[in-house]
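# Examining the three-dimensional arrangement
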Amino acid sequence: MAVEELQSIIKRCQILDEQDFKEEDFGLFQLAGQRCIDEGHIDQLLEIIQNEKNKVIIKIMGWNLVGPVVRCLLQNNKEDDKRKYFLMLDLLIKLCNPKELLLGLLELIEEPSGKQISQIIILLLQPLQTVIQKLRSNKAYSVGLALSTIWGQLSLLPVPYSKEQIQTDDYGLCQCCKALTEFTKPFIGEVVNDNENSPENEKLKDELLKFCFKSLKCPLLTAQFLEQSEDIENDPLRCFASEIIGFLTAIGYPFPKLMFNHGRKKRTWDYLEFEEEEDRQTADSMASLAYLVFVQGISIDQLPMVLSPSYLLQFNMGHTEVFLQRTEESVFSKGLDLLENGLLRLEDNSLLHQYLEIKSFLTVPQGLVKVMTLCPVETLRKKALAVLQLYINKLNSQGKYTLFRCLLNTSNHSGVEAFIIQNIKNQIDISLKRTHNNKWFTGPQLISLLDLVLFLPEGAETDLLQNSDRIMASLNLLRYLVIKDNENDNQTGLWTELRKIENNFLKPLHTGLNMSKAHYEAEIKNSQENSQEVQKPKDFCSVTVGGEEIPTMPPEMQFKVLHSALFTFDLIESVLARVEELIEMKTESTSEENTGIK
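Residues numbered from 1 in each chain as written. Predicted model: local features only at pLDDT ≥ 70, side-chain atom pairs only at ≥ 80, totals over all residues. Heavy atoms only, no water.

## A closer look at the overall build of the chain
The condition is simple: Secondary structure elements follow DSSP: runs of H or I no shorter than four residues count as helices, runs of E no shorter than two count as strands, and numbering proceeds from the N terminus. To sort residues, take the accessible area from a 1.4 Å probe on protein chains only and compare it with the maximum for the residue type: under 20% means buried, over 50% means exposed, and anything in between is partly exposed. All accessible areas in this document rest on Shrake-Rupley with a 1.4 Å probe, and a residue is counted as covered only by the protein chains that are shown.
A count of helical and extended segments in the chain gives 25 helices and two strands. In the chain, buried positions account for 47% of the 598 residues. Taken as a whole, the chain presents about 30,600 Å² of accessible surface, with 50% of it coming from carbon and sulfur.

In structure tokens form, the structure reads like this:
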């Protein structure tokens, strides 16, 4: 019945000219064709499409059958039927109006979600390529529309992270990336082979450039790659990255050109928010590209050999900042790798302090601090710490001094501050061992830095437990200074400032320790009394310390926490006593020497 109905419609339309087809004819044709497919009349429908007498009708209305045919291909598992549906799709692509087909195919690509996205993209990329190549005008616009539509769907797919995920490719992203490069190659070839630089060719080049930059952001910004020691040739995402960078080179945008022109783009939007959004998109793409070139080594041979390591670090510092501003672990780990790559090219102490006048040279170490203190992954926290130490090592003395001041003022983390104080101690030690003192870590400059170290932020009421790492590091630094610098030499300036250090640091620390120990001892006594009243041994209790309640835990656990705090205070107190003992010994010794001289 459906076949007869379709033949009746075709017979009526055969006598009409193209301009005489009505909208209802399209609807009736599609409905009848759909019924033929639903009822399994594949052979009859194929015969109708192949009939030369129906050529005009199929050209004008046949595109309506593409959707039903594609859905059958996705749903039908019978090989014989699938072969016929593929033949039918090929005929429709060959015979139908390419403009209508283009829109129809893109609508089909936009329809699915989840795992069906990759299935339909892989199925339709080849037909879509054929359709676009048949277009006689607006090819650049059509290529851009197609690539944008495909990319929009691919961006919805999860990016595989582990080697196992890449190999299984559950959502088909890796397969899509490979198919997409094959889809794009003919259009890249058209740009390369056009020696006249026609306006249409320039438009096509722009569309391909947009696609490459979008691909650099998604999926390549978050994509993880196999280790260099593994079979990287079989890494589909790395192969996709290589293809994208190759495309950029082919259309006249090799990495060095993008590198030198980055940040020099003229304003193209009338509205600032549009301009800022485009800048953010471009920044992500350029950061991704820098990682692929410098860390993964893709097309790195394109870089001029004359570029200095400090210039390359400056170029990549902004990209590292982009990586570290992101929250995805897979992204900011790339920032750590990119920064490490740039720093390893430099000699120790060779990075001039003037570079710290560039914003990113201070914001990047602050970003490293955030990773060190907030990242839930231990390996990344340790990597950030190692990279920050590497960065410190590369700076010259004034640069180290400036960075130390910056991080002491901004980190707000006792452990980080202790790390910086230990580095200050190391620099003082190096300076005292030199024949000519380093002015940044001796004398007045050092005293200015010590003012940020040897003090309690809130005086005697400072939370000593929370700041214990910083306080211990400060006491150890002070002990070192007392031992290494004699009062008569006073190379560090310590002895001149001793009274101020005692008033701002040592005395408030004594008072704070007495207050803290008394408070915790009282809490232990209260907890012991409360626990004796509890009948059930598994009951929980709560304790308030410093105005804040310790999270509910068994009494025995609370006792451990409170005794641990007391142990910390005892440790601080013992180091403090040793420092004061050394100061007294040194001042008495110096006094005796001066008396003997007289």
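More follows now that the structure is in view.
## Regarding the nonpolar core
Generally speaking, soluble globular proteins have nonpolar side chains that are buried together. So the rule is basically this: In this description, a nonpolar core means a group of buried Ala, Val, Leu, Ile, Met, Phe, Trp, Tyr and Cys residues linked to one another through side-chain atoms lying within 4.5 Å. The criterion used for residue contact is that any of the two residues' heavy atoms lie within 4.5 Å.
The biggest cluster of nonpolar side chains holds 104 residues, and the ones touching the most others in it are Leu128 and Phe183. Excluding residues that lie within four positions of it along the chain, Leu128 makes contacts with Leu102, Leu105, Leu106, Ile109, Ala146, Ile150 and Phe183. Counting 79 residues, the second largest nonpolar core, distinct from the first, contains Met317, Leu395, Ile424 and Phe569.

## Digging into helix H11 (residues 173-193)
Test applied: Given the number of residues in a helix, its expected span is that number minus one, multiplied by 1.5 Å. The angle between axes fitted to the seven-residue stretch ending at a residue and the seven-residue stretch beginning at it gives the bend at that residue.
With 21 residues, H11 should cover 30 Å at 1.5 Å per step; its first-to-last C-alpha distance of 30 Å lies within 8% of that length. Of all the bends in H11, the greatest reaches close to 30 degrees and is centred on Lys185; the proline Pro186 follows between one and four positions later. Burial in H11 covers these residues: Leu173, Cys174, Cys176, Cys177, Leu180, Thr181, Phe183, Thr184, Phe187, Ile188 and Val191.

## Let's talk about the pattern of salt bridges
In plain terms, the rule: Between Lys or Arg on one side and Asp or Glu on the other, a salt bridge is scored when a side-chain nitrogen of the former is within 4 Å of a carboxyl oxygen of the latter.
Scanning the entire structure with this criterion turns up 25 salt bridges. Across the salt bridge formed by Asp80 and Lys84, the nearest N and O atoms sit 3.5 Å from each other. Highlighted residues: Asp80 and Lys84, both in helix H6 (residues 79-95), separated by four residues, approximately one helical turn. Across the salt bridge formed by Glu207 and Lys210, the nearest N and O atoms sit 3.9 Å from each other. Note that Glu207 and Lys210 are positioned in helix H12 (residues 199-217) at a spacing of three residues, about one turn of the helix.

## Quick notes on the side chain of Ser333
Mapped onto the elements of the fold, Ser333 is located in helix H17 (residues 329-343). Overall, Ser333 belongs to the buried group, its relative accessible area being 11%.

## Regarding the confidence of the model for the chain
Using the following cut-off: pLDDT measures how confident the predictor is about each residue, on a scale from 0 to 100.
On average, residues of the chain carry a pLDDT of 87, and 86% of them reach 70 or more. Least confident of the elements in the chain is strand S1 (residues 541-545), whose mean pLDDT is 51; most confident is helix H19 (residues 378-394), at 97. Low pLDDT, under 50, characterises residues 266-274; the stretch is placed with eight contacts to residues that sit more than four places away or in other chains.

## Remarks on the packing of helix H18 (residues 360-374) against H19
The cut-off we apply is this: Interaxial angle, 0 to 180 degrees, is taken between N-to-C directions of lines fitted to C-alpha atoms, where a helix line uses only the stretch in contact. Here the angle decides the label: under 35 degrees means roughly parallel, over 145 means roughly antiparallel, 65 to 115 means roughly perpendicular, and every other value means oblique. Crossings are sorted by hand: turned counterclockwise from the far helix by less than a right angle, the near helix makes the crossing left-handed, and turned clockwise it makes it right-handed. Throughout this entry, Asp, Glu, Lys and Arg are counted as charged residues, while Ala, Val, Leu, Ile, Met, Phe, Trp, Tyr, Cys and Pro are counted as nonpolar. The remaining residues, Gly among them, count as polar.
Between H18 and H19, the least distance of the axes is 8 Å, while the angle of their chain directions is 150 degrees. Classed by the angle they form, the pair H18 and H19 counts as roughly antiparallel. The handedness of the crossing between H18 and H19 is left-handed. Between H18, through Phe361, Pro365, Leu368, Val369, Val371 and Met372, and H19, the contact on the second element is made entirely by Leu380, Arg381, Ala384, Leu385, Val387, Leu388 and Tyr391. Of the residues in the contact of H18 with H19, the class split is 12 nonpolar, no polar and one charged.

## What to know about the packing of H11 against H12
Look at H11 against H12: their axes get within 10 Å of each other, and the N-to-C directions meet at 150 degrees. Comparing the axis directions of H11 and H12 gives the class roughly antiparallel. Both H11 and H12 take part in a crossing whose hand is left-handed. Where H11 abuts H12, its residues Leu180, Thr184, Phe187, Ile188, Glu190 and Val191 lie against Asn201, Leu204, Lys205, Leu208 and Phe211. Looking at the contact of H11 with H12 residue by residue, the classes come out as seven nonpolar, two polar and two charged.

## Structural notes on unusual backbone geometry
Look at the link from Cys218 to Pro219: it is a cis peptide, with omega at 15 degrees. You can see Pro219 is positioned in the loop between H12 and helix H13 (236-250). Not every positive phi belongs to a glycine, and Asn138 is a case in point at roughly 55 degrees. Inspection of the secondary structure assignment puts Asn138 in the loop between helix H8 (116-134) and helix H9 (139-154). A positive phi angle, close to 65 degrees, is found at Asn349, a residue other than glycine. Looking at the secondary structure, you find Asn349 in the loop between H17 and H18. You can call Asn349 partly exposed: its relative accessible area is 46%.

## Side note on the state of the cysteines
Using the following cut-off: Sulfur atoms of two cysteines make up a disulfide when they are within 2.5 Å.
For the coordinates displayed, the defined rule picks out zero disulfides. Between Cys176, a free cysteine, and Cys177, which holds the nearest cysteine sulfur, the sulfur-to-sulfur gap is 7.0 Å.

## Overview of the packing of aromatic side chains
For any pair of aromatic rings, geometry is given as the distance between the ring centres together with the angle between the planes. Stated precisely, the cut-off is as follows: Any pair of Phe, Tyr and Trp rings, taking the six-membered ring for Trp, is counted once the centres come within 6.5 Å. Such a pair is stacked with planes under 30 degrees apart, edge-to-face with planes over 60 apart, and tilted for the rest. In our convention, an over-ring charge means Lys NZ or Arg CZ found within 6 Å of a ring centre and within 35 degrees of that ring's normal.
For the structure shown, the criterion picks out 11 aromatic pairs. Taking the centre distance of 6.3 Å and the plane angle of 50 degrees together, the rings of Phe294 and Phe315 count as tilted. With Phe294 in helix H15 (residues 272-294) and Phe315 in helix H16 (residues 309-325), this pair connects stretches of sequence that are 21 residues apart. Of the two residues, Phe294 and Phe315, neither departs from the other in class, the shared state being buried. An angle of 75 degrees between the planes, with centres 5.3 Å apart, marks the rings of Tyr520 and Phe569 as edge-to-face. Here Tyr520 is found in helix H24 (residues 498-533), whereas its partner Phe569 is found in helix H25 (residues 555-597), with 49 residues between them in sequence. Overall, the relative accessible area of 1% leaves Phe569 in the buried class. Grouped by ring-pair contacts, the aromatic residues Tyr401, Phe404, Trp440 and Phe441 constitute a single cluster. Across the ring face of Tyr171, the terminal group of Lys115 is positioned such that the distance to the ring centre comes to 5.5 Å. Positioned above the aromatic ring of Tyr253, the side-chain terminus of Lys257 is 4.8 Å from the ring centre.

## A closer look at helix H5 (residues 66-75)
Three- or four-residue spacings in an α-helix give side chains the same orientation, since the helix completes a turn every 3.6 residues. Extensive coverage of H5 is indicated by the burial of seven of its 10 residues. Residues of H5 that are buried include every one of Val66, Gly67, Pro68, Val69, Val70, Cys72 and Leu73, and no others.

## Section: the side chain of Asn396
Following the sequence through the fold, Asn396 ends up in the loop between H19 and helix H20 (397-410). Non-local contacts of Asn396, meaning those with residues more than four positions away in its chain, are made with Asn349, Leu351, Leu352 and His353.

## Some words on the environment of Asp348
Using the following cut-off: N or O atoms closer than or at 3.5 Å make up a polar contact, with two conditions inside protein: a donor-capable atom paired with an acceptor-capable one, and, for residues adjacent in sequence, both atoms drawn from side chains.
Residue placement: Asp348 occurs in the loop between H17 and H18. Here the alpha-carbon distance between Asp348 and Tyr391, two residues 43 residues apart in the chain, equals 9.1 Å. Apart from residues no more than four positions distant in its own chain, Asp348 is found in contact with Asn393 and Lys394. Only 2.8 Å separates the side chain of Asp348 from the side chain of Lys394, close enough to count as a polar contact.

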